[in-house]
Amino acid sequence: MFSRELKKGSTELLILALLEDRARHGYEIGKLIELRSGGRLRFRIGSLYPMLCRLEDREMITGRWVEKAGERRRRFYKLTPEGRKFLAAQRSTWKEFMQAVNGVVRIHHA
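Calculation notes
Residues numbered from 1 in each chain as written. Predicted model: local features only at pLDDT ≥ 70, side-chain atom pairs only at ≥ 80, totals over all residues. Heavy atoms only, no water. Helix = DSSP H or I, 4+ residues; strand = E, 2+ residues; numbered from the N terminus. Buried < 20%, exposed > 50% of the residue type's maximum accessible area, 1.4 Å probe, protein only. Contact = heavy atoms within 4.5 Å. Areas by Shrake-Rupley, 256 points an atom, 1.4 Å probe, with all protein chains shown as cover. Core = buried A, V, L, I, M, F, W, Y, C linked by side-chain atoms within 4.5 Å. Expected span 1.5 Å × (residues − 1). Arc of directions from axis to C-beta.

J.: Mind showing me how you'd approach the overall build of the chain here?
T.: When its secondary structure is counted, the chain shows five helices and three strands. Ordered by position from the N terminus, the helices and strands of the chain form the series α-α-β-α-α-β-β-α. Taken over 110 residues, the chain has a buried fraction of 33%. Across the chain, contacts joining residues at least 24 apart in sequence account for 48% of those joining residues at least 6 apart. For the chain, the computed accessible surface area is about 7900 Å², with 54% contributed by carbon and sulfur atoms.

J.: Just to check I follow, could you spell out the nonpolar core for this structure?
T.: Inside soluble globular proteins, nonpolar side chains tend to come together where they are buried. Ranked by internal contacts, the top residues of the largest apolar core, which has 19 residues, are I15, L16, L19, I29, L55 and I61. Counting only elements with at least two residues in this core, the list comes to α2 (11–18), α3 (26–36), α4 (45–57) and β3 (74–79). When neighbours within four sequence positions are excluded, I15 is seen to be in contact with I29, L48, M51, L52 and L55.

J.: Help me understand α4, please; the structure alone is not making it clear to me.
T.: Note: α-helices contain 3.6 residues per turn, so residues at a spacing of three or four share the same orientation. Compared with an ideal rise of 1.5 Å per residue, which puts 13 residues at 18 Å, α4 spans 19 Å between its outermost C-alpha atoms and is within 8% of the ideal. Those residues of α4 not exposed but buried are L48, M51, L52 and L55. For α4, the buried positions fall inside an angular range of 105° around the axis, keeping them on one side. Relative to its buried face, α4 has exposed residues pointing more than 90 degrees away, namely G46 and D57. Directly beyond the C-terminal end of α4, a positive phi value near 60° is found at E59.

Rendered as structure tokens:
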């Protein structure tokens, strides 16, 4: 529904926010983004995995493989302490950004 350019700047924030409470695998992250956005945000799983790898390379998240009997192997990701700090800063920046954009386009919330 939204352009790729609009989604591009928020992908890290979305992923990190979903990992705040517990570890999740990539498919679950993609489905939760879609579910919590009412279907307005959709990411192809293939586009989420490179972002997960970049976040892992930057030590914002860590991943580990989990194998369960009768299921395929999945990589679960969780926030690192550095990722939690980054998420808090990103939330603050996002809030300020949205206030600035809303001021320009004249969207006011009650």
